[in-house]
Amino acid sequence: MENTKYSKEVLKHFKNPKNMGSLKNPDGVGKLGNPACGDVMKVEIKITKDIIKDIKFQTMGCAAAIATSSMITEIVKGKTIKEALKITNKDVAEKLGGLPPIKMHCSNLAADTLHKAIEDYLSKKNKKD
Amino acid sequence: MKTIYLDYAATCPVDKKVYEKMKPYFTEHFANESSMHTLGNKVKEDVEEARENILKKVNAKEHKLIFTSGGTESNNLAIKGIAYSYKEKGKHIITTKIEHDSVLNTVKFLEKEGYEIDYLNVDKEGFINLEELLKKIRKDTVLVSIMHGNNEIGTLQDIKKIGKICKEKGVFFHTDACQSFCKTEIDLSKENIDLLTINAHKIYGPKGVGGLIIKNKIKLNPLLHGGGHEYNLRSGTLNVPGIIGFSESIKVISKKDIENMTRVRDYIITNVLKEIKTANLLGPKEKRLCNNVSFLFDFIEGESVLLHLDLKNIQVSTGSACSSHTLETNHVVRAIGVLPKNSNGMVRITIGKETNLKDAETLIKELIPVIKKLTEMSPVR
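Residues numbered from 1 in each chain as written. Chains lettered and ligands numbered in written order. Predicted model: local features only at pLDDT ≥ 70, side-chain atom pairs only at ≥ 80, totals over all residues. Heavy atoms only, no water.

### Here we look at the overall build of chain B
Right, so step 1: From N to C terminus, chain B includes twelve helices and twelve strands.
Right, so step 2: Taking 381 residues into account, the globule formula puts the C-alpha radius of gyration at 21 Å, and chain B, at 21 Å, falls close to it.
Right, so step 3: Residues classed as buried in chain B amount to 60% of the 381 residues present.
Right, so step 4: Residue pairs in contact within chain B that sit at least 24 positions apart in sequence constitute 72% of those at least 6 positions apart. (Helix = DSSP H or I, 4+ residues; strand = E, 2+ residues; numbered from the N terminus. Rg over C-alpha atoms; globule rule 2.2 N^0.38 Å. Buried < 20%, exposed > 50% of the residue type's maximum accessible area, 1.4 Å probe, protein only. Contact = heavy atoms within 4.5 Å.)

Dropping the structure here:
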């Protein structure tokens, strides 16, 4: 039996999330969410020459939150920072074949969290420079 | 893979005997019970027998039963019916913070119409404080509405004592007993309950039929106006197959079934608490619905637990924020003092008469790795 409230793609990522966990000495860390809302996401990235070489996530949340987290890590691995910053939460949801409307606001925060991690990387880099 | 359904508080399958009993009323005994002819009379007689059976089940002697479309309608009829009918006496209603939405949203509706509502607090196990109830009752209080068995955390209120207080104070007492009816004793000859909400589909009866049992002396304003059915309190052609099924469904859950459900319930509670360190029991250990188990898991979200178990063909429920129609955290969990940030990991397991210890073992076996996986995934500690 298949759960039909979520798309196949969401369930696939929910079942077997990609790049779950944390990194040793990450170059950038982003954390976003609201525990009261039920969704908190943390993203860690490794950057070499402006390219996202590695990315890991940790997420507390529903299937939508976990699937969007997993999906963003797949999308941006190997991409440049510039490219990654262009990706929106909406893009992630679309890649997953859509999300139930009620999940669009609260649980769809993967791109924003990634951007936070990139900002963190950039601000650290600027301090060094 | 076998399906293990553990969401009986949401609804039950219709029992085979109930189904068989209903069947002729769709085809053979289809007549309108209001009709004067023989066919109508036969149906009328059977409906009245069903009514008597249900009233007898709760030992109701000075009461009448109004058939409705279910618990939601019964709660609406009880609360609005009293509020409108007795508004000359006053416009103050007392309820609790852990009622079903069909009570909470009904009193909120009345609040907008100028009624004053007091929401009683509950302790960390979900019990109201009788002293607080006593203090809140005023001269203009017309109704106290307190649910019997809580649908989320299983707490069974002391309706005998609540009824006594209401009687002494001369205030009507309504209780929503949708979850407790036929699972714990309700005796209207011993308990002072003025209005009692019951329904069929939580006790292996059909959906779409319920009842409101009220004392004969009570005057209600109807919600539905029309042909004057159901003592002029609920117009509309009667749902005869539903009513026949409802009457049959009150026989389904036996004393032995209740004992069995209690055993399975306690097995799950004991073993989950033993095996999973981040599990917290919601609601009390005693004075609890025989079929309700409710946990709050730290650091994770209930819906993810539900979906992982669903992938293993085990159906449970959640009271968490993202689960249903709203994004707000569960009002019952908030009322028992859990901080909003910790309130998302709720998982409700409700058992039926079919559930056995082997099912409980399977559940626990599947639950342990799910909780472990989700906890490891969580950035919250």
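The discussion continues.
### Here we look at the pairing of strand S2 (residues 39-48) of chain A
All names here are of chain A.
Right, so step 1: Most of S2 is tucked away, with seven of its ten residues classed as buried.
Right, so step 2: Pairing analysis gives seven bridges linking strand S1 (residues 28-34) to S2, with the strands arranged antiparallel. Along S2, the bridge assignment pairs Gly-33 with Val-40.
Right, so step 3: In this structure, the hairpin formed by S1 and S2 is closed by a connection of four residues, where Gly-38 is found at a positive phi of approximately 100°.
Right, so step 4: Here nine bridges tie S2 to strand S3 (residues 51-60), and the two strands are oriented antiparallel to one another. Across the sheet, the residue bridging to Val-43 is Phe-57, located in S3.
Right, so step 5: Linkage of S2 to S3, two consecutive antiparallel strands, is achieved through a turn of two residues, within which Lys-49 is found at a positive phi near 45°. (Pairing = 2+ DSSP bridges.)

### Observations regarding the nonpolar core
Right, so step 1: Among the nonpolar cores identified, the biggest contains 126 residues, and A:Ile45, A:Leu114, B:Leu133, B:Ile268 and B:Phe297 are the most heavily contacted of them.
Right, so step 2: Element by element, the count of residues in this core is highest for helix H2 (residues 63-76) of chain A, at nine residues.
Right, so step 3: If near-sequence neighbours (up to four positions away) are discounted, A:Leu114 is found in contact with A:Val43, A:Ile45, A:Ile52, A:Ile55, A:Ile72, A:Val76 and A:Ala84. (Core = buried A, V, L, I, M, F, W, Y, C linked by side-chain atoms within 4.5 Å.)

### Thoughts on the environment of B:Gly352
Residues and elements named next belong to chain B.
Right, so step 1: On the secondary structure map, Gly-352 appears in the loop between strand S12 (346-350) and helix H12 (357-377).
Right, so step 2: Judged by relative accessible area, Gly-352 falls into the buried class, the value being 3%.
Right, so step 3: Linking Gly-352 and Glu-376, residues 24 residues apart in sequence, is a C-alpha distance of 32 Å.
Right, so step 4: Other than its neighbours up to four places away in sequence, Gly-352 contacts Tyr-8, Tyr-204 and Met-261.

### Digging into the sheet that holds strand S9 (residues 279-281) of chain B
Paired through backbone hydrogen bonds, the strands of a sheet run either parallel or antiparallel to each other.
All names here are of chain B.
Right, so step 1: Taken together, three strands build an open sheet; the order of strands is S9-S10-S12 and the sheet is antiparallel. Each edge of the open sheet carries a strand with a single partner, namely S9 and S12. Within this sheet the neighbouring strands show an average axis-to-axis angle of 30°, counted without direction.
Right, so step 2: In terms of strand pairing, strand S10 (residues 292-297) meets S12 through five bridges, oriented antiparallel. (Axes fitted to C-alpha atoms, helices over the stretch in contact; angles between N-to-C directions.)

### Considering helix H3 (residues 71-85) of chain B
All names here are of chain B.
Right, so step 1: For H3, built from 15 residues, the straight-helix expectation of 21 Å at 1.5 Å per residue is met to within 8% by its first-to-last C-alpha distance of 20 Å.
Right, so step 2: The buried count for H3 comes to twelve of 15 residues, which makes it a mostly enclosed element.
Right, so step 3: Among all positions of H3, only Gly-71, Glu-73, Ser-74, Asn-75, Asn-76, Leu-77, Ala-78, Ile-79, Lys-80, Gly-81, Ile-82 and Ala-83 are buried. (Expected span 1.5 Å × (residues − 1).)

### Describing the interface of chain A and chain B
It is common to report an interface's size as the accessible area lost on association of the parts.
Right, so step 1: Facing the 29 residues of chain A at the interface are 27 residues of chain B.
Right, so step 2: When the two sides are added together, the surface that chain A and chain B hide from each other amounts to roughly 2,200 Å², 66% of it contributed by carbon and sulfur.
Right, so step 3: Contact with chain B buries surface across chain A, with A:Phe14, A:Met60 and A:Ile102 losing the most and accounting together for 26% of the total.
Right, so step 4: The interface formed by chain A and chain B contains one salt bridge.
Right, so step 5: Across the contact surface, chain A and chain B share seven residue pairs in polar contact (both at pLDDT 80 or more).
Right, so step 6: Of all the secondary structure elements, the ones that give two or more residues to the side of chain A that touches chain B are helix H1 (8-15), S2, S3, H2 and helix H5 (101-106) of chain A.
Right, so step 7: The residue makeup of the side of chain A that touches chain B, split by class, is 17 nonpolar, seven polar and five charged. (Buried area = accessible area lost by both parts, 1.4 Å probe. Salt bridge = Lys/Arg side-chain N within 4 Å of Asp/Glu carboxyl O. Polar contact = N/O pair within 3.5 Å; in protein donor to acceptor, adjacent residues only side chain to side chain. Nonpolar A, V, L, I, M, F, W, Y, C, P; charged D, E, K, R; others polar.)

### Digging into unusual backbone geometry
Residue and element names in this part refer to chain B.
Right, so step 1: If you check the backbone angles, Cys-182 has positive phi at about 75° while not being a glycine.
Right, so step 2: Looking at the secondary structure, you find Cys-182 in the loop between strand S6 (172-176) and strand S7 (195-199).
Right, so step 3: Since its relative accessible area comes to 8%, Cys-182 is described here as buried.
Right, so step 4: If you check the backbone angles, Phe-299 has positive phi at about 70° while not being a glycine.
Right, so step 5: Checked against the element boundaries, Phe-299 lands in the loop between S10 and helix H10 (302-311).
Right, so step 6: Exposure remark for Phe-299: the relative accessible area of 28% places this residue in the partly exposed category.

### Details of the pattern of salt bridges
Right, so step 1: In this structure the tally under the stated criterion is 27 salt bridges over all chains.
Right, so step 2: Across the salt bridge formed by A:Lys103 and B:Glu303, the nearest N and O atoms sit 2.5 Å from each other. Of the two residues, A:Lys103 is situated in helix H5 and B:Glu303 in helix H10; the pairing between them involves two chains.
Right, so step 3: Here B:Glu303 falls in the buried class, since its relative accessible area comes to 6%.
Right, so step 4: For the salt bridge of B:Lys161 with B:Asp158, the shortest nitrogen-to-oxygen distance reads 3.8 Å.
Right, so step 5: Taking relative accessible area as the criterion, B:Asp158 reaches 35% and is therefore assigned partly exposed.
Right, so step 6: Residues joined by salt bridges that share partners form a network here, namely B:Glu33, B:Lys44, B:Glu48, B:Arg51 and B:Glu230.

Structural measurements only, silent on function.
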